[in-house]
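If you want the building blocks of each chain, they are given just below.
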Amino acid sequence: MPKEDKIEEEAIKLVRERMELRKIRREKGEEAYEVVEEVFDRPTLMALYDLINKGFIERIYGVVATGKEARIYWAEDPKGNDIALKIFLVTTAEFWKTRKRYINGDPRFARLRKSRRHIIKLWCSKEFKNLKLAYEAGIRVPKPITFKDNVLIMEFINAPNERGVPAPLIKDLPPEDPDTAFETIIEYVKRAYKIAKLVHADLSEYNIMNREPEFIIIDWGSAVNIAHPNAVEFLIRDISNVLRYFSRLGVETPSLQEILEEIGISY
C-alpha cells in the first residue's frame, strides 16, 4: 500500500474512533454516519487527523448548527473542555458568490487563487484572525484556539448548565435587560472599529448569543479591516440592524449619526 494511502486509512480510522456516534445517532440509527461524514472529504479528514495528533481534539460529538457554508460540531479537548469545530464546506458552490464582496478589497486576499478550496482555506484563516483581534480588543467572542485548512477550533458557548447545547441567539431569547444588552453590543461595535480595526459586516440578532449577562458575537468570517472600501457601508448596516432590533424591544436608542460620531465617522 502506498504511504499516502496508508496515512489516509489511519486518518479515517482515528477520526471515526474519536466520534461519539452514540451522542448523535438519536432515532436515525446508522444514518448518523451520513450526518457526520457528509463534510469529511479527504482533506478535511487529514486536517482533523493533524489536529487530533497535535492534542487539540479528544472527542467529536454531533452537529449543533448547520448552514450553507459551514457546520458546527460539539467536541471535547483532551482536558475535557467543550470546544466547537467549525468545518467549512468545501463542496458548496455558493461560497464565492455570497462572499466575494467581503474578499475583494481585503489585502489578505490580494494574491487570491480562484480555486474553491484555496478560497475557503483563506476564509477559515480570516475568521480565526478576526476572532483573535476581536478577543484581544475585549469583545466577547468565542475564544479562538487554532485552525487547519477548513477546520476552525474555538470555545464552545454552552447554554447555561447544558453541555453540547449552544446558547440561544437573541432573536430566539431576547435579553431580560435590553437596555444593558444594547449598551454592551454598541460598546463591542466601537471596540471592534477603534481597537481591532474591524467591522463585523454581518451583525444582527442572528449572530449574537444570549448568556445574560454575557452577550457573545459570533460569525466573524465576513469581518473586514476598516481600510476595506466598503467598511463604512458595512458598519452603517451593522449599527442599523442593532438599532432596529433593540428599538423593537422598547430601548430608547440614540440615532445612527450619534453612534457614528462617537466612533469618529462623519455621516
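Computed from a prediction, not measured in an experiment: that's the story for all the values here.

With respect to the element layout, proline 174 can be found in the loop between β5 (151-155) and α7 (178-196). In this structure proline 174 comes out as partly exposed when scored by relative accessible area, which is 38%. Sequence separation of proline 174 and glutamate 212 is 38 residues, and the distance between their C-alpha atoms is 9.7 Å. Other than its neighbours up to four places away in sequence, proline 174 contacts Asn210, Tyr245 and Leu249.

Tracing the backbone through its elements, the reader meets alanine 134 in helix α6 (residues 116-136). Distance from alanine 134 to valine 189, taken between C-alpha atoms, is 9.9 Å for residues 55 residues apart in sequence. Excluding anything up to four places from it in sequence, alanine 134 contacts Ile139, Val141, Ala196, Leu198 and Trp220.

So, on to the pattern of salt bridges. According to the stated counting rule, one finds 14 salt bridges in the structure shown. One salt bridge connects lysine 171 with aspartate 172, and the closest N-O pair in it is separated by 2.9 Å. Taking the relative accessible area as the measure of exposure, lysine 171 reaches 35% and is therefore partly exposed. You can call aspartate 172 exposed: its relative accessible area is 51%.

This brings us to the packing of aromatic side chains. Per the counting criterion, the structure on display carries four aromatic pairs. When the ring of phenylalanine 128 is compared with that of phenylalanine 147, the centres are 5.0 Å apart and the planes differ by 45 degrees; the resulting orientation is tilted. With phenylalanine 128 in helix α6 and phenylalanine 147 in strand β4 (residues 144-148), this pair connects stretches of sequence that are 19 residues apart. Relative to phenylalanine 246, the ring of tyrosine 245 lies with its centre 5.0 Å away and its plane at 85 degrees, an arrangement referred to as edge-to-face. Summarising the burial analysis for this pair, tyrosine 245 and phenylalanine 246 share the class buried. What links up through ring pairs into an aromatic cluster is the set Phe182, Tyr245 and Phe246. Lysine 126 extends its terminal NZ or CZ atom over the ring of tryptophan 123, reaching a point 4.5 Å from the ring centre.

Attention now moves to the packing of helix α8 (residues 231-248) against helix α9 (residues 256-263). Their axes nearest at 10 Å, the elements α8 and α9 cross at an angle of 130 degrees. Here α8 lies oblique to α9, going by the angle between them. In this structure, α8 crosses over α9, and the sense of that crossing is right-handed. The segment α8 lies against α9, with Leu235, Ile236, Ile239, Ser240 and Leu243 engaging Leu256, Ile259, Leu260 and Ile263. When its residues are assigned to classes, the contact of α8 with α9 shows eight nonpolar, one polar and no charged.

As a further point, take α9. Within the span of α9, buried status applies to Leu256, Ile259, Leu260 and Ile263. Angularly, the buried residues of α9 cover 100 degrees about the axis, an arc narrow enough to put them on a single face. If you follow the buried residues of α9, they end up packed against α7 and α8. One or two residues past the end of α9 sits glycine 264, with phi positive at roughly 110 degrees.

A word on the side chain of asparagine 130. You can see asparagine 130 is positioned in helix α6. A distance of 3.1 Å separates the side chain of asparagine 130 from the backbone oxygen of alanine 223, its partner in a polar contact.

Quick look at a negative patch on the surface now. Together, Glu176, Asp177, Asp179, Glu183, Glu212 and Glu252 give the surface a local cluster of negative charge. Secondary-structure assignment places glutamate 176 in the loop between β5 and α7. A relative accessible area of 76% means that glutamate 176 is categorised as exposed.

On average, residues of the chain score 86 in pLDDT, and 82% of them reach the 70 mark or higher. Low pLDDT, under 50, characterises residues 21-36; the predicted model gives this stretch 15 contacts beyond four residues in sequence or across chains.

Now for the side chain of asparagine 210. You can see asparagine 210 is positioned in strand β7 (residues 208-211). In terms of polar contacts, asparagine 210 uses its side chain to reach the backbone carbonyl oxygen of leucine 173, at 2.7 Å. A polar side-chain atom of asparagine 210 sits 2.9 Å from the main-chain amide nitrogen of glutamate 212. In this view, asparagine 210 contacts Ala167, Pro168, Leu169, Ile170, Leu173, Pro174, Pro175 and Phe215; residues no more than four positions away in its chain are not counted.

Analysis parameters
Residues numbered from 1 in each chain as written. Predicted model: local features only at pLDDT ≥ 70, side-chain atom pairs only at ≥ 80, totals over all residues. Heavy atoms only, no water. Helix = DSSP H or I, 4+ residues; strand = E, 2+ residues; numbered from the N terminus. Buried < 20%, exposed > 50% of the residue type's maximum accessible area, 1.4 Å probe, protein only. Contact = heavy atoms within 4.5 Å. Salt bridge = Lys/Arg side-chain N within 4 Å of Asp/Glu carboxyl O. Phe/Tyr/Trp six-rings, centres within 6.5 Å; stacked < 30°, edge-to-face > 60°. Lys NZ or Arg CZ within 6 Å of the ring centre and 35° of its normal. Axes fitted to C-alpha atoms, helices over the stretch in contact; angles between N-to-C directions. Parallel < 35°, antiparallel > 145°, perpendicular 65-115°, else oblique. Left-handed = near helix turned anticlockwise from the far one by under 90°. Nonpolar A, V, L, I, M, F, W, Y, C, P; charged D, E, K, R; others polar. Arc of directions from axis to C-beta. Polar contact = N/O pair within 3.5 Å; in protein donor to acceptor, adjacent residues only side chain to side chain. Patch = residues over 30% accessible without salt bridge, like charges linked within 9 Å, V, L, I, M, F, W, Y side chains within 5 Å. Areas by Shrake-Rupley, 256 points an atom, 1.4 Å probe, with all protein chains shown as cover. Lys, Arg positive; Asp, Glu negative; His and termini not counted. Charge placed at Lys NZ, Arg CZ, Asp CG, Glu CD. pLDDT = per-residue confidence, 0-100.

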